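Results of the structural survey
Chain by chain, the residues run as shown.
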Amino acid sequence: QLIKGEVTLKNVTFGYVPGKTVLKNINVKAKPGQKIAFVGSTGAGKTTITNLINRFYEIEEGEILIDGINIKNIKKDSLRRNIAMVLQDTHLFSGTVRENIRYGRPDATDEEVITAAKIACAHSFIERLPQGYDTVLEGDGANLSQGERQLLNIARAAISKAPILILDEATSSVDTRTEKHIERGMDQLMKNRTTFVIAHRLSTVRNADQIIVLEHGEIIEQGTHDELIKMGGRYYQLYTG
Ligand code: TTP
Ligand code: MG
């Protein structure tokens, strides 16, 4: 593997526009292979943190390190190869289903594509498409349902060898039955990768190594599920509804 996948955020403060701070003094240390969950209400800044780890935006205050290297000094294509992601809004391109899945791993064999699709519970719907894996997707997958698009993004992450994984509401458009089905696949996806997971369903973050509770761009609680429940604070409130 290229890197170990240790990710550190040090005193990160960020806003999309001047004068409007979205994240305030964020400190997170993810050891290689750990699962870090971000929870908190809409607009708290969860997606923004993953945007910064992905270096979709430049930060002015604080720093983000991967294996101790400031991400500003990591080439963008290297960053892309080392971070797999399934985001809130899906990303597909015009091309076949197969090309979309092995995007980032053009060397992948057909067997690997099918294995990844099976992990993502996408194999059966792909087989029902007019040309199966050779079906051409119209721009951004317009001929698929939102849930199907998410499953293809999950398959793409599954085929990737990236040591870092970002899951931002990765199964939000998938029906409950498929979601239940895909749980094992998601575990397989996260295995041996440093994973940042954002999910509204708190049952999916329960087993995280660290749960980080955000409110208005600040970390207000941080710990394991048991620790946070014992604390009886915001997470406890969220969890017990
Ligand atoms: P997010 O980081 O998108 O908040 P979230 O991911 O916690 O919320 P949700 O659960 O709904 O997904 O937004 C934090 C703030 O940043 C919010 O005020 C909107 C703003 N923002 C922008 O201005 N531009 C952007 O591109 C994004 C993603 C957010
Ligand atoms: Mg979000």
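Structure report, in brief.

Regarding its fold elements, the protein chain presents nine helices and 12 strands. Its C-alpha radius of gyration of 18 Å places the protein chain within 12% of the 18 Å reference for a compact globule of 241 residues. Counting only C-alpha atoms and orienting by the principal axes, one finds that the protein chain spans roughly 50 × 40 × 35 Å. Here the protein chain holds 241 residues, and 51% of them are scored as buried. Considering only intrachain contacts with a sequence separation of at least 6, the fraction spanning at least 24 residues in the protein chain is 67%. Accessible area for the protein chain stands at about 12100 Å²; split by element, carbon and sulfur atoms hold 49% of it.

Bringing the sheet that holds strand S4 (residues 61-66) into the picture now. Spatial ordering of the open sheet is given by S2-S1-S4-S5, a layout of four strands whose pairing is antiparallel. Every other strand in the sheet has two partners, leaving strand S2 (23-30) and strand S5 (69-70) as the edge strands with one partner each. Two strands pair when backbone bridges link them, and strand S1 (residues 7-14) and S2 are joined in this way by five bridges, in the antiparallel orientation. Each residue of the ladder has a partner; that of Thr8, found in S2, is Lys29.

Let's shift gears to the sheet that holds strand S9 (residues 164-168). Reading across the sheet, the six strands line up as S6-S9-S10-S3-S11-S12 and stay open at both edges, with mixed pairing between neighbours. On the outer flanks of this sheet lie strand S6 (83-86) and strand S12 (218-223), each paired with one strand and no other. Taken over all neighbouring pairs, the strand axes of this sheet differ in orientation by 15 degrees on average, direction set aside. Where S6 and S9 come together, four bridges link them in parallel fashion. Looking at S9, one finds that Val86 is bridged to Leu167. Contacts from helix H6 (residues 146-159) reach S6 and S9 within the one sheet, and its direction differs from that of S6 by about 165 degrees.

Soluble globular proteins: nonpolar side chains tend toward being buried together. Residues Ile101, Ile126, Leu152 and Leu167 are the most contacted members of the largest nonpolar core, which totals 45 residues. Counting residues per element, this core draws most heavily on H6, which supplies seven residues. Setting aside residues up to four positions removed in sequence, Ile126 forms contacts with Val97, Ile101, Ala117, Gly132, Tyr133 and Leu152. One finds Val7, Val12, Ile64 and Leu87 within the second-largest nonpolar core, a separate group that totals 29 residues.

Leaving glycine out, the prevailing phi sign among residues is negative, and the prevailing peptide bond configuration is trans. Located in the positive-phi region is Asp67, a residue other than glycine, with phi close to 50 degrees. Mapped onto the elements, Asp67 comes out in the loop between S4 and S5. Taking relative accessible area as the criterion, Asp67 reaches 23% and is therefore assigned partly exposed. Here Glu169, not a glycine, exhibits a phi torsion of approximately 50 degrees, which is positive. A relative accessible area of 9% means that Glu169 is categorised as buried.

Turning our attention to the site of ligand 1. Residues in contact with ligand 1 amount to 15 residues; listed here are only the nearest, Gly43, Lys46, Thr47, Thr48 and Gln88. Lys46 places a side-chain nitrogen or oxygen 2.8 Å from an oxygen atom of ligand 1. Interatomic distance of 2.5 Å between a side-chain N/O atom of Thr48 and an oxygen atom of ligand 1. Notes on ligand 1: free accessible area 600 Å², of which the protein chains cover 67%. Of the residues assigned to the shell around ligand 1, the class counts are four nonpolar, nine polar and two charged.

Going through the model one piece at a time under the given rule, you end up with 11 salt bridges. Across the pair Arg105 and Asp107 runs a salt bridge whose closest N-O atoms are separated by 3.3 Å. Judged by its relative accessible area of 8%, Arg105 falls in the buried class. Three or more residues joined by partner-sharing salt bridges are found here, namely Arg98, Asp110 and Asp134.

Quick notes on the rules
- Residues numbered from 1 in each chain as written.
- Chains lettered and ligands numbered in written order.
- Predicted model: local features only at pLDDT ≥ 70, side-chain atom pairs only at ≥ 80, totals over all residues.
- Heavy atoms only, no water.
- Helix = DSSP H or I, 4+ residues; strand = E, 2+ residues; numbered from the N terminus.
- Rg over C-alpha atoms; globule rule 2.2 N^0.38 Å.
- Buried < 20%, exposed > 50% of the residue type's maximum accessible area, 1.4 Å probe, protein only.
- Contact = heavy atoms within 4.5 Å.
- Areas by Shrake-Rupley, 256 points an atom, 1.4 Å probe, with all protein chains shown as cover.
- Pairing = 2+ DSSP bridges.
- Axes fitted to C-alpha atoms, helices over the stretch in contact; angles between N-to-C directions.
- Core = buried A, V, L, I, M, F, W, Y, C linked by side-chain atoms within 4.5 Å.
- Near = heavy atom within 4 Å.
- Polar contact = N/O pair within 3.5 Å; in protein donor to acceptor, adjacent residues only side chain to side chain.
- Nonpolar A, V, L, I, M, F, W, Y, C, P; charged D, E, K, R; others polar.
- Salt bridge = Lys/Arg side-chain N within 4 Å of Asp/Glu carboxyl O.

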